[in-house]
Amino acid sequence: MEYAYDDQNIFAKILRGEIPNKTVYENDYALAFEDIAPQAPVHVLIIPKGAYVSLDHFARDASAEEQVGFMQAVAEVCQITDVKDGFRSIANTRTHGVQDVPHYHMHILGGRQLGRMLQD
Ligand code: 5GP
C-alpha cells in the first residue's frame, strides 16, 4: 500500500507552528493538543511529529523510537487529563473510518460516561 502524505494538512500546519493549538503535552516524537470541537469534557488529539497519514502507516513505517515516543505521550496525556474512570481512544482511518485530517491522530475522549462504540 502507498501512503501519500499531504504536507498542507491542518495538523502539519500545527506542527510547523503556522496554526495555534492548545498544547497538552509534547515530546520529541509527538504533540498532544485540545480538539477544536470537543465531543467530551476531555478530548485530546495525539499526533506523531513524523509525516504519517494513518495508524496503519505509522505502525508499518515509524521507527521503534517514534512508536515508543508516541505511546509515552499517550501515557502522559492520560495522566494529565486524569481519566482514571476510563476513556476511549479512536483512530479514524480513511474513507470507511471517516478520517477528516490525513495526518495520523489518536483521539482521547473521556471525562463523562460515553455511549456505545458505534451508533450505526
Ligand atoms: P478525524 O475526523 O480526522 O478523526 O478528526 C479530526 C479532528 O480534528 C476533529 O475532531 C476536529 O474537530 C479536529 N480539528 C480539525 N481542525 C482542527 C484544528 O485546526 N485544530 C484543532 N485543535 N483540532 C482540529
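These figures come from a predicted structure and were not determined experimentally.

(A) Structural detail: the site of the ligand. Taken together, 16 residues are adjacent to the ligand, and D35, N92, D100, H105 and H107 come closest. In the model, an oxygen atom of the ligand is placed 2.7 Å from a nitrogen or oxygen of the D100 main chain. Residue V101 places a main-chain N or O atom 3.0 Å away from an oxygen atom belonging to the ligand. Summarising the interface, the protein chains cover 84% of the accessible area of the ligand, which totals 520 Å² for the free molecule. Listing elements by their share of the shell around the ligand, those giving two or more residues are α1 (10-15) and β2 (30-34). Broken down by class, the residue content of the shell around the ligand amounts to nine nonpolar, four polar and three charged.

(B) Quick look at the UniProt feature "active site" (unreviewed entry) in the chain. Per the UniProt entry, the sites bearing "active site" (unreviewed entry) are H105 in this numbering. On the secondary structure map, H105 appears in the loop between β4 (87-90) and β5 (106-110). For H105, a relative accessible area of 6% gives the class buried. Once residues within four sequence positions are removed from consideration, H105 is found in contact with F11, L45, I46, I47, I90, A91 and Q99.

Conventions and cut-offs
- Residues numbered from 1 in each chain as written.
- Predicted model: local features only at pLDDT ≥ 70, side-chain atom pairs only at ≥ 80, totals over all residues.
- Heavy atoms only, no water.
- Near = heavy atom within 4 Å.
- Polar contact = N/O pair within 3.5 Å; in protein donor to acceptor, adjacent residues only side chain to side chain.
- Areas by Shrake-Rupley, 256 points an atom, 1.4 Å probe, with all protein chains shown as cover.
- Helix = DSSP H or I, 4+ residues; strand = E, 2+ residues; numbered from the N terminus.
- Nonpolar A, V, L, I, M, F, W, Y, C, P; charged D, E, K, R; others polar.
- UniProt positions renumbered as here; feature names shortened; annotations may be inferred.
- Buried < 20%, exposed > 50% of the residue type's maximum accessible area, 1.4 Å probe, protein only.
- Contact = heavy atoms within 4.5 Å.

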